[in-house]
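What the coordinates show
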Amino acid sequence: MKSTITSSLANLSARLEELNVLLSSEDATQDIDGFRRHTREHAEITPLVELYQKYLNNEKEIQSALELTGDPEMKELADAEIAAGRERQEALEAELQKRLLPKDPNDDRNIFLEIRAGTGGDESALFAGDLFRMYNRFAERQRWQVAVVSQSPSDVGGYKEIIATITGTGAYSKLKFESGVHRVQRVPETETQGRIHTSACTVAIMPEADEIGDVELNPAEMRIDTYRASGAGGQHVNKTDSAIRITHLPTGIVVECQDGRSQHKNKAQALFILSARIKDRQLSAQQAEEAATRKSMVGSGDRSERIRTYNFPQGRVSDHRINMTLYKLPQFMDGDLDELIDALAAEHQAEQLAALSEEAAMQ
């Protein structure tokens, strides 16, 4: 194992001992915030230190077996133990390296899901509706909560644009690789000659910004307009100027919200979405800077990047970033995304490990 990794694990072991002392002291709960922070840190590093202890114990067992190889009667048994021990050691080392990878600070956040119809007209809007249902079904499987924040329905069904919050443990970590252009190939219901059409939608996955301190919004840098919300008619037509449009002048980001019945609620929701979009732009800039040094195998998440194709006639879904094709499109569209999501996460992890190896080789 590399000395840098061994050093990190030794430091974590020492830190765990410190935390054990802190948490067992009589005045541990006098500072409730500090107690919670220490408890959380203890829970995070304990599994890693325990795994490292297994690695060290296995190393001792290999060493003991090596000492027996000089005895002719014990050599065969010792060689078998050494081979099995080294195999375990490789697996333990690989697992330790994975767990030591830097954690994305946004992984545990809730998210904003944005889906926008792109090229393809009505068919694109219908596909936007299909994608929203797909993510909604996936969220149900994870026991997450989905709430529509803003929507612009299409006349033929589906959406020109829809924005929703997804609330649940690990929402961002699971869905963060879904940002990009999703392309669909199928025969539209209005197609009389059976020709396959290609259309596309843009998906954006944005970590929810903290209400305070995460993104600073300067009122002087925002233009806020009110207007009358549009509707389908009847008793729910909005008779007041409750819809809100916020323009963030430095970035040009525009957010509109009209689903709430009150101007105050729409404004609060619009500010929340604006914070998430600004944070997302900051993350994209940071990722672009990192990608300039090395190309990410899972893709940059750039909205202009075509990441996936859904081919209905062939019943397949293909992710172009990892060259993976699944012939289970009906199940996939019903929210069975785990196989592909896990593959994307594994590829990202492998890319991180390769980057760490490169850095270590350069030192």
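This structure is a prediction, so every number in the text was calculated from the model and none was measured.

Here we come to the sheet that holds strand β7 (residues 243-248). Spatially, β6-β7-β8 is the arrangement adopted by the 3 strands of the open sheet, whose pairing is antiparallel. Sheet topology places β6 (222-227) and β8 (253-257) at the edges, where each strand pairs with a single neighbour. Ignoring which end each strand starts from, the neighbouring axes of this sheet average 15 degrees apart. Relative to β8, β7 runs antiparallel, the two being bridged by 5 bridges. Each bridged residue has a counterpart across the sheet, and for H248 the counterpart in β8 is I253.

Given 3.6 residues per helical turn, the α-helix brings residues three or four places apart onto the same face. Between its first and last C-alpha atoms helix α3 (residues 75-99) spans 36 Å; for 25 residues at 1.5 Å apiece the expected length is 36 Å, and the two agree. Buried residues of α3: A78, I82, G85, Q89, L92, L96 and Q97, and no others.

Here the focus is the confidence of the model for the protein chain. A residue-level look at the protein chain finds 87% of positions with pLDDT of 70 or above and a mean pLDDT of 84. Every residue in residues 232-238 is under pLDDT 50, and counting partners more than four places away or in other chains gives 3 contacts. For the stretch residues 293-297, pLDDT sits under 50, and the model shows 7 contacts to residues farther than four places along the chain or on other chains.

Before going further, it helps to examine the pairing of strand β10 (residues 316-319). The alternating pattern of β10 places R316 and S318 on one face and V317 and D319 on the opposite face, and all of these are buried. By the bridge criterion, 4 bridges tie strand β9 (residues 306-311) to β10 in an arrangement that is antiparallel. Note on β10: the bridge partner recorded for Y310 is V317. Hairpin remark: β9 followed by β10, antiparallel, with 4 residues in the connecting loop; positive phi at G315, about 65 degrees.

Here 8 strands make up an open sheet; going across it, the order is β2-β3-β1-β5-β4-β9-β10-β11 and the pairing mixed. The sheet is open, and its two borders are formed by β2 (145-153) and β11 (324-326), each paired with just one other strand. The average undirected angle you get between the axes of adjacent strands in this sheet is 20 degrees. Looking at chain direction, β2 and strand β3 (residues 159-167) are connected through 8 bridges and run antiparallel. Within β3, the residue paired with S152 across the bridge is E161.

This paragraph deals with the pattern of salt bridges. Across all of its chains, the model carries 24 salt bridges by this definition. A salt bridge links R15 to E18; its shortest N-O distance comes to 2.9 Å. One end of the pair, R15, and the other, E18, are both in helix α1 (residues 3-24), 3 residues apart, so they sit about a helical turn from each other. The exposure class of E18 is partly exposed, given its relative accessible area of 43%. Where D104 meets K176, a salt bridge forms, and the shortest distance between an N and an O atom there is 3.3 Å. Of the two residues, D104 sits in the loop between α3 and β1 (111-117) while K176 sits in the loop between α5 (171-175) and β4 (180-186), which places them 72 residues apart along the sequence. Residues joined by salt bridges that share partners form a network here, namely R133, R137, E140, R141 and D334.

Cut-offs applied
- Residues numbered from 1 in each chain as written.
- Predicted model: local features only at pLDDT ≥ 70, side-chain atom pairs only at ≥ 80, totals over all residues.
- Heavy atoms only, no water.
- Pairing = 2+ DSSP bridges.
- Helix = DSSP H or I, 4+ residues; strand = E, 2+ residues; numbered from the N terminus.
- Axes fitted to C-alpha atoms, helices over the stretch in contact; angles between N-to-C directions.
- Expected span 1.5 Å × (residues − 1).
- Buried < 20%, exposed > 50% of the residue type's maximum accessible area, 1.4 Å probe, protein only.
- pLDDT = per-residue confidence, 0-100.
- Contact = heavy atoms within 4.5 Å.
- Salt bridge = Lys/Arg side-chain N within 4 Å of Asp/Glu carboxyl O.

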